[in-house]
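# Structural features, examined
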Amino acid sequence: MPIKAVRGVRDILPAESPRWQRVEAAGRSVFEAYGYREIRLPLFERTELFARGIGEATDIVQKEMYTFEDRSGDSVTLRPEATASLLRAYIEHGFQVQPKPVRLYTMGPMFRYERPQAGRYRQFHQADVEALGETHPAVDAEVIAMLMDFFGALGLADRLELHVNSIGDAGTRPAYRARLLDYFAPRSGELCPECRGRLDRNPLRVLDCKTPGCQPVIEKAPSILDSLTAEAAEHFERVRACLDAMGIAYTVTPRLVRGLDYYVRTTFEVLTTELGAQNAVAGGGRYDGLIEQLGGPPDPGIGFAIGLERVVLLLGDEASAAAPVAVLIPLGDAALSRLLGIAREARRRGARVELGYGTRKLQRELERTNRLGAGFAVIVGDDELARGQALLREMKSGAQRGVPLEGLADELVGLAARPGAAR
Ligand code: HAM
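No experiment lies behind these values; they were computed from the predicted model shown.

Let's shift gears to the layout of surface pockets. Taken as a whole, the second largest pocket spans an internal volume of roughly 220 Å³. Lining the second largest pocket are 16 residues; nearest its centre among them are Ala170, Arg173, Asp261, Tyr262 and Gln293. Elements that contribute at least two residues to the lining of the second largest pocket include exactly helix 2 (47–54), helix 6 (172–184) and helix 10 (290–293). Of the residues that constitute the lining of the second largest pocket, the class distribution is seven nonpolar, four polar and five charged.

Written out as structure tokens, the structure reads:
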């Protein structure tokens, strides 16, 4: 039996890679235009970092972490998200002395032991962005604007909804939690078993439940917006005013509480109706207090993470890998020797060409050229070699003409530069 990939872990195959590259490039260019710089973080950390950072009571820490002891008996965990790691690095490298806000982004795989389904994996990728050291509400709005600009750059903005909320200051949450418990406790019989468990651990998470049976109870639950302190309410007002000033459309969704414990004040999510249950494409919020809780300075912060698999899914089957502009077909060793150098020169100058090795019949090579989607075949047999010529065949029309071997690399580079060079 051949060995297969672990459940919930997938290969990104070459046909998909161009879409990934496009998504990553859009992220880099949008984030860098806003002044964010890349930081590359380790894939695993001390378990304690996530327990302290994300919250002991969260689903992530309780049920979803890949945690193991290394050979020296230390408990380490594959990162389930990037924020805690990024803040650990911020503290460890003394970033707080830099001009604020310190703007950082990172991209890469995350690991959560969740039940796999379409759009949900055990190894998945995020683009994660954090703005550290500034509480001004305009930072919240700019971070959200940048997220929407990322989707705009990919032509996805019209297919997504932005939801924003405020979950108040650290002081708001215990009071709201108590209000929620008062409301839910007498109605726990109407909730799903999962939600009954959440009532003990983190009643805010009940608001997030998607089970249809829970909805009537959840809909009438007290709104967190009614529990905000004056400061938190004002901060939210100002965030909204900045979003309005930029013409960014959003819905205020008081049920948007998010699954990580570190959030205060602004939270937001970008949702799609196109991916079934896995409707969140990105999420984030403010986490003032977290850096201090991790042993650092009292710097505030706000950020988000984009689920890259979900973005790639939304892009669908758009044009995949560029085909080679030409396949060079030597008919024998002498022609191969000549074409090896020509192919190398054309490639060095940026033209995508493939080379046969002179071992297959011409007919087979032409079939292969067609399957690769190349625009041209370049055929060189002993006769052509003797005349210092190659035969350039346009695959679509079958038209052929001679090209001097001397100028063949130039010709290939010229063809590659033509729009729609490959079919
Ligand atoms: P999160 O909401 O847990 O937030 O994850 C962000 C995004 O990652 C989700 O909206 C989703 O698109 C994607 N995602 C999460 N789990 C999976 C999965 N199992 N498979 C595929 N995609 C997934 C955070 O991680 C926070 N650290 C975001 C943040 C940054 N907040 C402040 N700064």
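So, next bit.
What follows is about the site of the ligand. Around the ligand, a shell composed of 27 residues is seen, among which Glu81, Glu114, Tyr121, Tyr263 and Ala280 lie nearest. Side-chain polar atom of Gln126 to an oxygen atom of the ligand: 3.1 Å apart, as the coordinates give it. Backbone polar atom of Val281 to an oxygen atom of the ligand: 3.2 Å apart, as the coordinates give it. The protein chains hide 96% of the 660 Å² of surface that the ligand would expose on its own. When residues in the shell around the ligand are grouped by element, the largest group, six residues, is from strand 10 (residues 280–286). Considered class by class, the residues forming the shell around the ligand number 11 nonpolar, eight polar and eight charged.

Vacant regions in the atomic arrangement are exposed by a probe of water-molecule size rolled over the atoms. Within this structure, the stated rule accounts for two cavities of 30 Å³ or more. In this structure, the largest cavity occupies an estimated 50 Å³ of space. Considering the residues around the largest cavity, the lining is formed by Tyr34, Tyr36, Arg103, Val139, Glu142, Val143 and Met146. At four residues, the largest contribution of residues to the lining of the largest cavity is made by helix 5 (residues 137–153). When its residues are assigned to classes, the lining of the largest cavity shows five nonpolar, no polar and two charged. When its volume is computed, the second largest cavity comes out at roughly 30 Å³. In this structure, the second largest cavity is lined by Ala57, Thr58, Asp59, Arg198, Arg201, Asn202 and Arg205.

On to the domain arrangement of the protein chain. Here the domain parsing of the protein chain yields domain 1 (17–172 + 228–315) and domain 2 (326–417). Relative placement of domain 1 and domain 2: their C-alpha centres are 50 Å apart.

This next bit is on the pattern of salt bridges. Opposite charge on two side chains allows them to pair when their charged atoms are near. On inspection of all chains with the given rule, the structure shows 24 salt bridges. With its nearest N and O atoms 2.5 Å apart, the salt bridge here joins Arg205 to Asp208. Of the residues examined, Asp208 reaches a relative accessible area of 24% and is grouped as partly exposed. The closest approach of N and O atoms between Arg349 and Asp410, which form a salt bridge, is 2.9 Å. Of this pair, Arg349 sits in the loop between helix 12 (333–348) and strand 13 (353–355) while Asp410 sits in helix 15 (residues 408–417), placing them 61 residues apart in sequence. Each of Asp59, Lys63, Glu194 and Arg198 takes part in a single network of salt bridges with overlapping partners.

Among all positions of helix 13 (residues 362–372), only Glu365, Leu366 and Thr369 are buried. Along the long axis of helix 13, the arc covered by the buried residues comes to 100 degrees, so they all point the same way. Turned more than 90 degrees away from the buried face of helix 13, the exposed residues are Gln363 and Arg371. Tucked into the core, helix 13 has its buried residues touching strand 12 (326–330), strand 14 (376–380) and strand 15 (389–394).

Take the packing of aromatic side chains next. Counted according to the given criterion, the structure contains 10 aromatic pairs. An angle of 70 degrees between the planes, with centres 5.8 Å apart, marks the rings of Tyr262 and Tyr287 as edge-to-face. A residue pair is termed long-range when its members are at least 10 positions apart, and Tyr262 in the loop between strand 8 (251–252) and strand 9 (264–271) and Tyr287 in the loop between strand 10 and helix 10 qualify at 25 residues. You'll find Tyr262 and Tyr287 in the same group, each marked buried. An aromatic cluster is present here, built from Phe31, Tyr105, Phe150, Phe151, Phe268 and Phe304 joined pairwise through their rings. Its guanidinium or amino end placed over the ring of Tyr113, Arg122 lies 3.9 Å from that ring's centre, counting from NZ or CZ. The ring of Phe236 has Arg240 sitting right over it, with the charged end atom 5.8 Å from the ring centre.

Pairing is antiparallel in the open sheet, where three strands are placed in the order 2-4-3. Of all the strands in the sheet, just strand 2 (44–46) and strand 3 (66–69) have a single pairing partner and so form its edges. Strand after strand, the sheet turns through a mean of 30 degrees between neighbouring axes, direction not considered. Direction of pairing for strand 3 relative to strand 4 (residues 75–78): antiparallel, over a ladder of four bridges. Note on strand 4: the bridge partner recorded for Phe68 is Val76. Of the strands in this sheet, strand 2, strand 3 and strand 4 are in contact with helix 2, which crosses strand 2 at around 80 degrees.

Omega for the peptide link from Lys100 to Pro101 comes to -5 degrees, which places this bond in the cis form. Locating Pro101 in the fold gives a position in the loop between helix 4 (83–92) and strand 5 (102–111). Phi is positive for Arg265, close to 55 degrees, though the residue is something other than glycine. Mapped onto the secondary structure, Arg265 falls in strand 9. Judged by relative accessible area, Arg265 falls into the buried class, the value being 18%.

So, about the sheet that holds strand 8. Across a sheet, strands are paired by hydrogen bonds formed along the backbone, either parallel or antiparallel in direction. Sheet architecture is open: eight strands sit in the order 1-5-6-11-10-9-7-8, paired in mixed fashion. Edge strands, defined here as strands with exactly one partner in the open sheet, are strand 1 (37–38) and strand 8. Where strand 7 (residues 161–166) meets strand 8, two bridges bridge the pair, whose relative direction is parallel. Within the sheet, the bridge partner assigned to Val164 lies in strand 8 and is Val252. Helix 4 contacts strand 5 and strand 6 (123–132) of the sheet and is inclined by roughly 45 degrees relative to strand 6.

About the criteria used
Residues numbered from 1 in each chain as written. Predicted model: local features only at pLDDT ≥ 70, side-chain atom pairs only at ≥ 80, totals over all residues. Heavy atoms only, no water. 1 Å grid on protein atoms, 1.4 Å probe; cavity = no way out; pocket = protein on both sides within 12 Å on 5 of 7 lines; lining within 4 Å. Points joined across faces, edges and corners; volume = space filled by probe spheres on them. Helix = DSSP H or I, 4+ residues; strand = E, 2+ residues; numbered from the N terminus. Nonpolar A, V, L, I, M, F, W, Y, C, P; charged D, E, K, R; others polar. Near = heavy atom within 4 Å. Polar contact = N/O pair within 3.5 Å; in protein donor to acceptor, adjacent residues only side chain to side chain. Areas by Shrake-Rupley, 256 points an atom, 1.4 Å probe, with all protein chains shown as cover. Domains from an automatic or database assignment. Salt bridge = Lys/Arg side-chain N within 4 Å of Asp/Glu carboxyl O. Buried < 20%, exposed > 50% of the residue type's maximum accessible area, 1.4 Å probe, protein only. Arc of directions from axis to C-beta. Contact = heavy atoms within 4.5 Å. Phe/Tyr/Trp six-rings, centres within 6.5 Å; stacked < 30°, edge-to-face > 60°. Lys NZ or Arg CZ within 6 Å of the ring centre and 35° of its normal. Pairing = 2+ DSSP bridges. Axes fitted to C-alpha atoms, helices over the stretch in contact; angles between N-to-C directions.

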